[in-house]
Amino acid sequence: KAGVTQTPRYLIKTRGQQVTLSCSPISGHRSVSWYQQTPGQGLQFLFEYFSETQRNKGNFPGRFSGRQFSNSRSEMNVSTLELGDSALYLCASSWTGLGSTEAFFGQGTRLTVV
Amino acid sequence: GENVEQHPSTLSVQEGDSAVIKCTYSDSASNYFPWYKQELGKRPQLIIDIRSNVGEKKDQRIAVTLNKTAKHFSLHITETQPEDSAVYFCAASNPGSNYQLIWGAGTKLIIKP
């Protein structure tokens, strides 16, 4: 079956702009989580959506938001981009939710803010 | 809330030797502990996991041990090979926190030829 798909793969934005990233989970998976990964900083949890509801949230400012659609596809939005938002953004999907079943990661969207 | 500490941050071992990465967690209610491997430029992938009702689990050259009393779990890789070079992440979750995975900071494993 198809894996987790993230689009776009690469993105260059200017400081102050906003950006929307997309994640299509594996068919049948209802949970989608988002992570920010920067060199040396590991996996920083942003939020998790399960059946269109935000179930868990990390410690990121309100500029970071997300949503999940009825087909489980999820989008993440970052407004008023800052240079420090440059990172690899990963999404992961699982059947019931992270921590109870295996999470499958997408290849990520590499965001560069200039 | 839960906190997961992972050590060491970097581990360099000779090819063929064993590697051990250790994680400690703070919430005794945590009951699921996965390990993910992330090769350079690739996505993290689950390599092994363990639940709190089991003390040890093996899969070929990798094994994970769990000590619930001491609240730590470890990844053991035997007969290391060049393809084991990667960053390894541990995580812990518990039902009381909606199963949110709390991640360790990662260990960069370097296999020296």
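Every value quoted in this text rests on a predicted model; they were computed, and no experiment measured them.

**Student:** Quick one: what's the story with the nonpolar core, residue by residue and with numbers?
**Tutor:** Formed by 23 residues in total, the largest nonpolar core has its most connected members in Trp35(B), Phe73(B) and Leu109(B). Counting residues per element, the ones that place at least two in this core are strand E2 (10-14), strand E3 (19-25), strand E4 (32-38), strand E5 (45-51), strand E7 (62-67), strand E8 (72-77), strand E9 (86-92) and strand E11 (107-112) of chain B. One finds Cys23(A), Phe47(A), Val78(A) and Cys91(A) within the second-largest nonpolar core, a separate group that totals 21 residues.

**Student:** Provide a residue-level description of the layout of surface pockets, including the pertinent values.
**Tutor:** Residue and element names in this part refer to chain B. Here the largest pocket is characterised by a volume of approximately 670 Å³. Those elements that provide at least two residues to the lining of the largest pocket are E9 and E11. Of the residues assigned to the lining of the largest pocket, the class counts are nine nonpolar, 13 polar and six charged. Estimates place the volume of the second largest pocket at around 310 Å³.

**Student:** Report on the environment of Gly3(A), specifying residues and quantitative values.
**Tutor:** Residues and elements named next belong to chain A. Tracing the sequence through the fold places glycine 3 in the segment before strand E1 (5-7). For the pair formed by glycine 3 and serine 94, sequence separation is 91 residues and the distance between their alpha carbons is 11 Å. When near neighbours in sequence (up to four residues on either side) are disregarded, glycine 3 contacts Ser24 and Ile26.

**Student:** Let's hear about the sheet that holds strand E7 (residues 64-68) of chain A: which residues, and what values?
**Tutor:** All names here are of chain A. Strand order across the open sheet formed by four strands is E1-E3-E8-E7, with antiparallel pairing between neighbours. Each edge of the open sheet carries a strand with a single partner, namely E1 and E7. On average, each strand axis in the sheet is inclined to that of its neighbour by 20 degrees, with strand direction left out of account. Looking at chain direction, E7 and strand E8 (residues 74-78) are connected through five bridges and run antiparallel. In the strand pairing of E8, serine 65 is matched with asparagine 77.

**Student:** Requested: an account of the pairing of strand E4 (residues 31-37) of chain A, with residues and values cited.
**Tutor:** Residue and element names in this part refer to chain A. Among the seven residues in E4, seven count as buried, and that is most of the element. Residues Ser31, Ser33, Tyr35 and Gln37 point to one face of E4 and Val32, Trp34 and Gln36 to the other, with burial holding for every one of them. Pairing analysis gives seven bridges linking E4 to strand E5 (residues 43-50), with the strands arranged antiparallel. Bridging from a neighbouring strand, glutamine 36 pairs with glutamine 44 of E5. The antiparallel hairpin formed by E4 and E5 contains five residues in its connecting segment, where glycine 40 sits at a positive phi of about 80 degrees.

Rules used throughout
Residues numbered from 1 in each chain as written. Chains lettered and ligands numbered in written order. Predicted model: local features only at pLDDT ≥ 70, side-chain atom pairs only at ≥ 80, totals over all residues. Heavy atoms only, no water. Core = buried A, V, L, I, M, F, W, Y, C linked by side-chain atoms within 4.5 Å. Buried < 20%, exposed > 50% of the residue type's maximum accessible area, 1.4 Å probe, protein only. Helix = DSSP H or I, 4+ residues; strand = E, 2+ residues; numbered from the N terminus. 1 Å grid on protein atoms, 1.4 Å probe; cavity = no way out; pocket = protein on both sides within 12 Å on 5 of 7 lines; lining within 4 Å. Points joined across faces, edges and corners; volume = space filled by probe spheres on them. Nonpolar A, V, L, I, M, F, W, Y, C, P; charged D, E, K, R; others polar. Contact = heavy atoms within 4.5 Å. Pairing = 2+ DSSP bridges. Axes fitted to C-alpha atoms, helices over the stretch in contact; angles between N-to-C directions.

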